[in-house]
Amino acid sequence: MFPQFALTFLGILFCIGDVAVLGVLLTWQERGATPDVRWQRLVRGVLPATVVLLALLLLAFTQLMLLWSSK
């Protein structure tokens, strides 16, 4: 029972960290000096990283639901 709560706590921490990284990425993109730099940051950095981070977030939620569904 305790490992289940520990894994849930770690999963929640991972999700919070994931959302924080998304926020940092968007802030980094918006601080580009010119519109061209902001566009390049969006296309080359933010969008690919966002796809990966959202996939990891979905995976974490799915794993947490599977962890609790067996009980």
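Keep in mind it's a predicted model, so treat the numbers as computed, not measured.

What counts as what
- Residues numbered from 1 in each chain as written.
- Predicted model: local features only at pLDDT ≥ 70, side-chain atom pairs only at ≥ 80, totals over all residues.
- Heavy atoms only, no water.
- Helix = DSSP H or I, 4+ residues; strand = E, 2+ residues; numbered from the N terminus.
- Polar contact = N/O pair within 3.5 Å; in protein donor to acceptor, adjacent residues only side chain to side chain.
- Buried < 20%, exposed > 50% of the residue type's maximum accessible area, 1.4 Å probe, protein only.
- Lys, Arg positive; Asp, Glu negative; His and termini not counted.
- Salt bridge = Lys/Arg side-chain N within 4 Å of Asp/Glu carboxyl O.
- Contact = heavy atoms within 4.5 Å.
- UniProt positions renumbered as here; feature names shortened; annotations may be inferred.

Caption draft 1: Fine view of the side chain of glutamine 4. Of note, glutamine 4 is situated in helix H1 (residues 2–30). Engagement of the side chain of glutamine 4 in a polar contact is seen with the backbone oxygen of leucine 67, the distance being 3.2 Å.

Caption draft 2: Just the side chain of aspartate 18, in detail. If you trace the backbone, aspartate 18 turns up in helix H1. Buried aspartate 18, no salt bridge; nearest opposite-charge side chain is arginine 41, N-O distance 19 Å. For aspartate 18, the side chain forms a polar contact with the main-chain nitrogen of leucine 57, separated by 3.4 Å. The contact partners of aspartate 18, leaving out residues within four places of it in the chain, are Leu53, Leu56 and Leu57.

Caption draft 3: Layout of the UniProt feature "transmembrane region" (unreviewed entry) in the chain. UniProt tags residues 6–26 and 46–68 as "transmembrane region" (unreviewed entry). A distance of 31 Å separates the end C-alpha atoms of residues 6–26, which is 100% helix and 0% strand.

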